[in-house]
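Chains, contacts and geometry: an overview
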Amino acid sequence: MGFADQRFNVNLSILFTELPLLERPAAAAAAGFSAVELWWPWIDSPTPAQSELDALKKAIEDAGVQLTGLNFYAGQLPGPDRGALSVPGEESERFRANIDVAADFAASLGCMALNALYGNRVDGVDPAEQDALALENLALAARAADRIGAILLIEALNRPESPLYPLVSAPAAIGVVDKVNAATGLGNARFLMDLYHLSMNGEDLPSVIERYAAKTGHVQIADNPGRGAPGTGSLPLEELLDRLRKAGYDGWVGLEYKPGDRPSTEAFDWLPAGARAAR
């Protein structure tokens, strides 16, 4: 099997960021890829002007790439925030305002996966209060995703880089997935298995794959240490992706790594050009 048997997409919020947003889809296509994913691109606005949405839609369509994943509004990301949906007050309201905007934009491009980052713990707020708010907002997001035929993704991050984020293990994220599915009855909440984050948490990755592949809706990779391209660290990513395939996962694998001290176009030498376009 190996890398050539995977369906890769490029995360345009961490790769090709040396370019303006509207130039990144074409750059990914020029590098040989046919699919892309994005964090919410407008970090200061959960409800950007329709002209901005239309311009990004046109850039993706003109590049001939498929948008396969999109984050809901997540606050300042990149930056100090790790989501908005569990943060009481204005941030929760901004998340709710974004739900249908993000879902409709995804639907306009045939994107079938929406990622909802949980949000950091807030000093002085009872974690149980945040968790109740999170479940309420995630249920709203799951219903919006279901309306467009999409899945809702719940992601575990890593404690060293996100010490205030409560979902820092695969079981913690899976627990939220199960609660959302129980609350809505839709069954469209799935686990986003980011192998870099899980490795940073010291988890047994083969065990995680064995236990949770069936509940996984998307996979992301970066090597560790360094969050660089495959081969820059010590993670056996090719072997781990093979394990996922054998466990029944046949979805997208998002390339969510840092290019390092080089242009993004030079950060794909680990993957033969013929293996970059989705088959």
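Further up the page is the structure itself.
A brief structural summary. No experiment lies behind these values; they were computed from the predicted model shown.

Side note on the sheet that holds strand E7 (residues 216–221)
- The eight strands are arranged E1-E2-E3-E4-E5-E6-E7-E8 in a closed barrel whose pairing can be described as parallel. Across the sheet, the mean angle separating the axes of adjacent strands is 30 degrees when strand polarity is ignored.
- Relative to strand E8 (residues 252–255), E7 runs parallel, the two being bridged by three bridges. Of the residues in E8, the one forming a bridge with Gln 220 is Gly 254.
- Its contacts with the sheet put helix H4 (residues 127–147) on strand E4 (113–115) and strand E5 (151–155), and the angle it makes with E5 is roughly 140 degrees.
- Across the sheet, helix H8 (residues 237–246) is in contact with strand E1 (7–11), strand E6 (189–194), E7 and E8; its angle to E7 comes to roughly 170 degrees.

Some points on empty space enclosed by the protein
- Applying the stated rule across the entire model yields two cavities of 30 Å³ or more.
- Approximately 60 Å³ is the volume attributed to the largest cavity.
- Looking at the largest cavity, the residues that line it are Glu 37, Leu 38, Gly 69, Leu 70, Asn 71, Ala 113, Asn 115, Leu 153, Leu 192, His 218 and Gln 220.
- Looking at the lining of the largest cavity, the element that brings in the most residues is strand E3 (residues 66–71), giving three residues.
- Per-class residue counts for the lining of the largest cavity are five nonpolar, five polar and one charged.

Focus on the side chain of Asn 9
- With respect to the helices and strands, the residue Asn 9 is situated in strand E1.
- In this structure Asn 9 comes out as buried when scored by relative accessible area, which is 1%.
- Of the polar contacts made by the side chain of Asn 9, one reaches the side chain of Glu 37; its length is 3.4 Å.
- If we skip the residues at most four places from it in the chain, Asn 9 touches Ala 35, Val 36, Glu 37, Thr 68, His 218, Trp 252, Val 253, Gly 254 and Leu 255.

Some thoughts on helix H5 (residues 170–184)
- Its 15 residues give H5 an end-to-end C-alpha distance of 21 Å, which sits within 8% of 21 Å, the value for a rise of 1.5 Å per residue.
- Structurally, H5 contributes buried residues whose contacts are with H4, E5, E6, helix H6 (195–200) and helix H7 (205–212).
- The N-cap residue of H5 is Ser 169: its side-chain oxygen and the backbone nitrogen of Ala 172 are 3.1 Å apart.
- After H5 finishes, the residue Gly 185 shows a positive phi value of roughly 70 degrees.

What counts, and where the lines are drawn
- Residues numbered from 1 in each chain as written.
- Predicted model: local features only at pLDDT ≥ 70, side-chain atom pairs only at ≥ 80, totals over all residues.
- Heavy atoms only, no water.
- Pairing = 2+ DSSP bridges.
- Helix = DSSP H or I, 4+ residues; strand = E, 2+ residues; numbered from the N terminus.
- Axes fitted to C-alpha atoms, helices over the stretch in contact; angles between N-to-C directions.
- Contact = heavy atoms within 4.5 Å.
- 1 Å grid on protein atoms, 1.4 Å probe; cavity = no way out; pocket = protein on both sides within 12 Å on 5 of 7 lines; lining within 4 Å.
- Points joined across faces, edges and corners; volume = space filled by probe spheres on them.
- Nonpolar A, V, L, I, M, F, W, Y, C, P; charged D, E, K, R; others polar.
- Buried < 20%, exposed > 50% of the residue type's maximum accessible area, 1.4 Å probe, protein only.
- Polar contact = N/O pair within 3.5 Å; in protein donor to acceptor, adjacent residues only side chain to side chain.
- Expected span 1.5 Å × (residues − 1).

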